[in-house]
Amino acid sequence: MLTRPSLTIQRHINASPEKVWRAWTDPAQIAAWWTPMGNKVVHAEMDVRVGGRFHVIMHAPDGGTNDVSGEYREVVPGTKLVFTWAWLATPAHESLVTIVLRRDGDATLLTLTHEQFFDEAARDSHHAGWTDVLDTLERLFA
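Remember, predicted model here, so these are calculated numbers, not experimental data.

*Asks:* Any chance you could break down the packing of aromatic side chains for me, citing the residues and the numbers?
*Replies:* Evaluation of the coordinates by the stated rule reveals 13 aromatic pairs. Summarising the aromatic geometry, the rings of Phe54 and Tyr72 are spaced 5.9 Å apart at their centres and angled 55° between planes, so their arrangement reads as tilted. In this pair, Phe54 sits in strand S3 (residues 53–59) while Tyr72 sits in strand S4 (residues 65–76), placing the two residues 18 residues apart along the sequence. For Phe54, a relative accessible area of 3% corresponds to the buried category. Consider the rings of Phe54 and Trp85, whose centres lie 6.1 Å apart with planes at 35°: the pair is tilted. A residue pair is termed long-range when its members are at least 10 positions apart, and Phe54 in strand S3 and Trp85 in strand S5 (residues 80–87) qualify at 31 residues. Taken together, the aromatic side chains of Trp24, Trp33, Trp34, Phe54, Tyr72, Phe83, Trp85, Trp87 and Trp130 make up a single cluster linked through ring pairs.

*Asks:* Please set out the environment of Arg49 residue by residue, giving values where relevant.
*Replies:* When you line up the elements, Arg49 lands in the loop between strand S2 (40–46) and S3. Residue class for Arg49 comes out partly exposed when judged on its relative accessible area of 44%. The residues contacting Arg49, other than those within four sequence positions of it, are Tyr72 and Val75.

*Asks:* Hey, could you go over the pattern of salt bridges for me, with residue numbers and the actual values?
*Replies:* The full count for this structure, using the stated rule, is seven salt bridges. Residues Arg103 and Glu18 are paired through a salt bridge, measuring 2.9 Å at the closest nitrogen-oxygen approach. Of this pair, Arg103 sits in strand S6 (residues 95–104) while Glu18 sits in helix H1 (residues 17–25), and the two are 85 residues apart along the sequence. Taken together, the shared-partner salt bridges connect Arg11, Asp135 and Glu138 into one network.

*Asks:* Go over the nonpolar core with me, naming the residues and quoting the values.
*Replies:* Nonpolar side chains in soluble globular proteins tend to end up buried together. Counting 32 residues, the largest nonpolar core has Trp24, Trp34, Leu110, Trp130 and Leu137 as its most contacted members. Among all residues touching Leu137, those that are not within four sequence positions of it are Ile13, Val20, Ala23, Trp24, Trp33 and Leu110.

*Asks:* Quick one: what's the story with the side chain of Thr111, residue by residue and with numbers?
*Replies:* Tracing the chain through its elements places Thr111 in strand S7 (residues 107–115). What makes Thr111 buried here is its relative accessible area of 12%. There is a polar contact of 2.8 Å between the side chain of Thr111 and the side chain of Gln10. Excluding its chain neighbours within four sequence positions, the residues that come into contact with Thr111 are Thr8, Ile9, Gln10, Thr98, Ile99 and Val100.

*Asks:* Help me get a handle on the pairing of S5, residues and values and all.
*Replies:* With six of its eight residues buried, S5 lies for the most part within the structure. Of the pairings in the sheet, the one linking S4 to S5 comprises six bridges and is antiparallel in character. Among the inter-strand pairings, Ser69 is bridged to a residue of S5, identified as Ala86. The antiparallel pairing of S4 with S5 creates a hairpin that spans three residues between the two strands, and Gly78 there sits at a positive phi of about 75°. Direction of pairing for S5 relative to S6: antiparallel, over a ladder of six bridges. Paired with Phe83 across the bridge in S6 is Val97.

*Asks:* Residues and numbers for unusual backbone geometry, please.
*Replies:* The backbone of Met37 sits at a positive phi, close to 50°, despite the residue not being glycine. In this fold, Met37 is placed in the loop between helix H2 (27–33) and S2. The partly exposed category is assigned to Met37, whose relative accessible area is 47%. Residues other than glycine seldom take positive phi values, yet Gln116 does so here, at roughly 70°. Residue placement: Gln116 occurs in the loop between S7 and helix H3 (120–140).

Conventions adopted
Residues numbered from 1 in each chain as written. Predicted model: local features only at pLDDT ≥ 70, side-chain atom pairs only at ≥ 80, totals over all residues. Heavy atoms only, no water. Phe/Tyr/Trp six-rings, centres within 6.5 Å; stacked < 30°, edge-to-face > 60°. Helix = DSSP H or I, 4+ residues; strand = E, 2+ residues; numbered from the N terminus. Buried < 20%, exposed > 50% of the residue type's maximum accessible area, 1.4 Å probe, protein only. Contact = heavy atoms within 4.5 Å. Salt bridge = Lys/Arg side-chain N within 4 Å of Asp/Glu carboxyl O. Core = buried A, V, L, I, M, F, W, Y, C linked by side-chain atoms within 4.5 Å. Polar contact = N/O pair within 3.5 Å; in protein donor to acceptor, adjacent residues only side chain to side chain. Pairing = 2+ DSSP bridges.

By themselves, these observations are geometric and do not establish any function.
Shown next, in the form of structure tokens:
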């Protein structure tokens, strides 16, 4: 069986798991921090329940549009969020994102795992994007 590339990133966020959860599940909050590589969220919708879907459209600094959507597979409020991930431009390359939030005193240890990438180039590109996004999320609660 072929193993597909994956990545894992951890961050310590200076906010409670409940506040970090809302940042991940409230479309208005997504627009404030989900800005990879200078993208700007112009549309965000989220139906955060198992079987529900999310859809985010971003405008890139170069004028391009990045459109990603997926389906929620597991929803444990304040603790865990699992969802599929597919870009409109490459819908056959669906991958899986898991966000785990663990209380650490007054803060949160966030672990993001993104797996089942089509290839290493996709993984590396997403690693850069998620790193930038999580940097912004950290600053939001600094």
